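# Structural description and commentary
So you can see what is in the structure, the chains are spelled out below.
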Amino acid sequence: MKLVDVKIENFRGIRSLHLPLDQLTVLIGENNTGKSTVLEAIKLVLTRSFGFRRGGQFSEYDFHLENADATPQSAPTIKIVLHFAEQQEDEWIETIIQQMQDVIQPDITTGLNHIWLHAEGIFNIDSSLFETKLDFLDSSENKLILNNSTSINLISRFVPLFFLSALRDSSQEFGQRGQFWGSFLKSIQLPDDSRQEIEDKLQEINTSVIGANEGLTQVIQKIAEAKQLVSLDSTAPVVLEAIPTRVFDLFGKIQVHLKSTTGAKLPLSRHGEGTQSLSVLMLFRAYVETKLAEDYEPESTPILALEEPEAHLHPSAIRSLGSLLENMVGQTIVSSHSGDLLSRVPVTSLRRLYKRNGNTIVGRIENNITLTSDEERHFDYHVRVNKGSYLFARCWLLVEGQSEFWLFPQLLSIKYSGIDEMNLAIIEFSQGGGPTTFIKAAKALGIEWFVVADGDNEGTKYINASIECLDSIEQQDNRMVQLPCQDLEHEFYNNGYEEFIKNMVTNNRQTQIESEAAGDSIKKTKLLIKAAINKVGGKPAFAQKLVDEVERRSIDSIPQIIQDIMTRVVQLARN
């Protein structure tokens with residue numbers, strides 16, 4: 001039974017959310033947009049089965065508070081709906097159909113089966129208690145009247161949830177009380193004769209170790225004198241154990257040791273945070289697979305919810321993790337802040353959560369809908385695979401060439417706080433088939449965007465293509481600009497930086513340019529700018545020279561059109 005979407009209302013920081021899910025779903029977005037809340041919502045509904053209960057699993061801290069004056073008692077009802085559905089005809093086996101028949105809702109058009117599981121949290125004024133109710137809905141979102149709670153109790157059997165928190169401590173996870181490790185320790189069973197034989201050998205080893213130090217005998221004698229003050233065994237009141245002598249105690253001492261490349265064996269706790277975190281992740285995977293094999297039927301479809309599995313890992317390990325997630329058993333839902341992880345999962349698996357007018361919106365690129373196959377290829381190459389961090393930006397400044405790519409970040413840093421602080425990414429689109437691909441992706445993901453194109457014929461084509469992407473309520477001036485001059489270098493040349501650029505060119509080359517231009521001022525300017533760029537070693541170095549000169553003069557010396565672009569982009573990035 002696949003979980004195809006989740007609806008959440010008034011739960012913690014989420015006022016309203018509708019989240020479609022895939023076999024692998026990766027939740028991204030800024031802090032406090034609701035990624036962990038989504039995982040917690042699914043966890044709360046699926047990890048317990050209950051009918052109507054006072055003091056149920058929703059607490060006063062789960063209610064969404066609209067303002068500082070709101071209280072949990074006056075807050076609107078929490079509603080969480082998990083929607084399970086067949087993806088193809090006869091996908092659910094007969095066992096599921098028979099045992100869940102009271103709540104299955106067939107689609108009269110497609111014939112596919114659906115189940116809507118609904119959790120509700122309210123404050124009961126009469127009892128002054130927070131109450132929780134779990135029930136099923138029909139296709140019109142009406143509550144189903146059931147004779148018993150069989151279906152409610154079975155849902156967690158058919159759809160078991162396994163949750164791995166971002167706050168994972170290997171010393172606790174691999175401890176005797178660890179959620180995953182502890183289950184393996186408890187499953188160790190030995191026949192009585194084998195257990196006794198092992199304990200006899202342990203006692204023999206222990207006696208040899210303790211007996212090797214005569215001083216320990218004196219320690220035993222002195223401590224034994226305590227029997228004069230407290231009740232102790234009269235024959236052997238003190239026992240020293242170098243190692244556990246009972247198999248039960250020995251199980252609790254089992255430790256994971258990893259060998260380094262030199263062969264040295266070290267306890268897991270002595271390795272780095274990344275190795276420890278990865279070990280916990282692998283332990284979680286082993287636990288899930290073992291638990292499914294031992295405790296669940298083959299028709300069960302597990303859901304694996306993982307918070308930031310990339311924590312503490314090296315980028316190369318994170319990229320490998322992306323491929324691992326696709327191959328994990330069951331349906332996987334992940335929250336992440338790693339561009340490296342995103343570079344190794346399908347772009348259609350991403351769900352970008354962001355806030356708008358108090359609601360939590362889900363941005364996504366839908367398979368064969370948002371982008372054409374060619375556009376998706378461009379997007380993967382220029383953003384997802386090589387610049388996955390761009391997917392976390394609030395705004396994309398889409399520029400035509402190298403000069404803008406190198407110059408705008410530095411100019412923004414001079415005038416404002418810098419692109420990182422503003423959560424702004426700059427994408428060069430000329431090698432990616434134009435701005436259209438990136439505009440469509442930005443709009444689908446809920447990322448603000450602004451296009452800057454050169455003032456030549458090619459720039460006009462880019463602007464016209466960008467206009468085609470505008471919604472009916474969007475204004476062209478708010479989303480794009482075509483430079484008045486041929487390119488960014490010409491903007492500086494024609495707005496106070498002519499002598500500065502000329503001085504980069506040798507006198508001999510200036511004389512040659514005068515001859516080549518033959519009185520054509522446009523050609524002369526173009527040749528001078530080209531010569532200056534070549535002289536300093538390319539467009540990145542040229543951009544740095546301009547930035548240094550801007551800092552020497554003042555920020556107001558920047559051409560007005562560029563200042564206007566920066567102002568608009570900052571507005572978009574800061575919402």
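Remember, it's a predicted structure, so these values are computed and weren't measured experimentally.

### Remarks on the nonpolar core
- F284, F379, L391 and W396 are the most contacted members of the largest nonpolar core, which totals 59 residues.
- Ranked by the residues each element gives to this core, the list is headed by helix α9 (residues 273-295), at seven residues.
- Core analysis: the next-biggest nonpolar cluster, separate from the first, contains 48 residues, L21, A75, F84 and V362 among them.

### Brief notes about empty space enclosed by the protein
- Tallied over the full model, the rule gives one cavity of 30 Å³ or more.
- Counted as a void, the largest cavity has a volume near 40 Å³.
- If you go around the largest cavity, the residues you meet are S403, L407, L488, E489, F492, K539, F542, A543 and L546.
- Looking at the lining of the largest cavity, the elements that each hand over two or more residues are α13 (402-415), α18 (488-493) and α22 (539-553).
- Across the lining of the largest cavity, the residue classes tally to six nonpolar, one polar and two charged.

### What to know about the sheet that holds strand β15 (residues 359-363)
- Here six strands make up an open sheet; going across it, the order is β9-β12-β13-β3-β14-β15 and the pairing mixed. Among the strands making up the open sheet, the edge pair consists of β9 (161-164) and β15. Between one strand axis and the next, the sheet turns by 20° as a mean value, whatever way the strands run.
- Strand direction decides the pairing type here: strand β3 (residues 24-28) and strand β14 (residues 350-356), joined by three bridges, are parallel. Counted as the bridge partner of V26 is L350 from β14.

### What about the pattern of salt bridges?
- A complete count under the given rule lists 25 salt bridges for this structure.
- In this structure, D62 and R12 form a salt bridge, with 2.8 Å as the shortest nitrogen-oxygen distance. Placement of the pair is D62 in the loop between β4 (52-54) and β5 (78-85) and R12 in the loop between β1 (2-11) and β2 (14-20), with a sequence separation of 50 residues.
- Relative accessible area serves as the criterion here: at 29%, R12 is assigned to the partly exposed category.
- Note that E516 is salt-bridged to R509, the shortest N-O span being 2.9 Å.
- The partly exposed category is assigned to R509, whose relative accessible area is 24%.

### Focus: the side chain of S349
- Checked against the element boundaries, S349 lands in the loop between α11 (339-342) and β14.
- Since its relative accessible area comes to 6%, S349 is described here as buried.
- When near neighbours in sequence (up to four residues on either side) are disregarded, S349 contacts D22, L24, T25 and V26.

### Brief notes about the sheet that holds strand β18 (residues 448-453)
- One open sheet holds the four strands; their spatial order is β17-β16-β18-β19, and the pairing between them is parallel. The strands lining the two open edges of the sheet, one partner per strand, are β17 (424-428) and β19 (480-482). Each adjacent strand pair in this sheet contributes to an overall mean axis angle of 15°, direction not counted.
- Relative to β18, strand β16 (residues 395-399) is paired through five bridges, and the arrangement is parallel. Each residue of the ladder has a partner; that of W396, found in β18, is W449.
- Sitting on the sheet, helix α15 (residues 436-445) touches β16, β17 and β18, and the angle it makes with β16 is about 175°.
- On the sheet, helix α23 (residues 560-573) packs against β16, β17, β18 and β19 and is oriented at approximately 165° with respect to β18.

### Here we look at unusual backbone geometry
- At E141, a residue that is not glycine, the phi angle is positive and equals roughly 70°.
- Along the polypeptide, E141 turns up in the loop between β8 (129-137) and α3 (150-158).
- Given the relative accessible area of 52%, E141 is considered exposed.
- Here the phi dihedral of N368 falls at roughly 60°; this positive angle occurs in a residue that is not glycine.
- We classify N368 as exposed; its relative accessible area is 65%.

### Side note on the side chain of E375
- Mapped onto the elements, E375 comes out in helix α12 (residues 373-384).
- Residue classification places E375 among the buried positions, given a relative accessible area of 13%.
- A polar contact is formed between the side chain of E375 and the backbone nitrogen of T372, at a distance of 2.9 Å.
- Separated by 2.7 Å, the side chains of E375 and K440 make a polar contact.
- Sequence-distant contacts of E375, that is, excluding residues within four places in its chain, are made with T370, T436, T437 and K440.

### Quick look at the pairing of strand β13 (residues 331-335)
- Along β13, five of the five residues are buried, which leaves the element largely enclosed by surrounding structure.
- Side chains of β13 alternate between two faces, with Q331, I333 and S335 and T332 and V334 buried alike.
- Pairing geometry for β3 and β13, over four bridges, is parallel. Bridging across to β13, T25 finds its partner in I333.
- In this structure, strand β12 (residues 303-307) lies alongside β13, joined through five bridges in parallel fashion. Looking across to β13, one finds that I303 is bridged to Q331.
- The β-α-β motif built from β12, the intervening helix α10 (residues 315-326) and the parallel element β13 has right-handed crossover chirality.

### Observations regarding the environment of P346
- Looking at where P346 falls in the secondary structure, it is placed in the loop between α11 and β14.
- Residue P346 is classed as partly exposed on the basis of its relative accessible area of 29%.
- Along the backbone, P346 and I365 are 19 residues apart, and their C-alpha atoms lie at a distance of 9.9 Å.
- Apart from residues lying up to four places away in sequence, P346 is in contact with E326 and R384.

What counts and what doesn't
Residues numbered from 1 in each chain as written. Predicted model: local features only at pLDDT ≥ 70, side-chain atom pairs only at ≥ 80, totals over all residues. Heavy atoms only, no water. Core = buried A, V, L, I, M, F, W, Y, C linked by side-chain atoms within 4.5 Å. Buried < 20%, exposed > 50% of the residue type's maximum accessible area, 1.4 Å probe, protein only. Helix = DSSP H or I, 4+ residues; strand = E, 2+ residues; numbered from the N terminus. 1 Å grid on protein atoms, 1.4 Å probe; cavity = no way out; pocket = protein on both sides within 12 Å on 5 of 7 lines; lining within 4 Å. Points joined across faces, edges and corners; volume = space filled by probe spheres on them. Nonpolar A, V, L, I, M, F, W, Y, C, P; charged D, E, K, R; others polar. Pairing = 2+ DSSP bridges. Axes fitted to C-alpha atoms, helices over the stretch in contact; angles between N-to-C directions. Salt bridge = Lys/Arg side-chain N within 4 Å of Asp/Glu carboxyl O. Contact = heavy atoms within 4.5 Å. Polar contact = N/O pair within 3.5 Å; in protein donor to acceptor, adjacent residues only side chain to side chain. Right-handed = clockwise from strand over helix to strand, strands pointing away.

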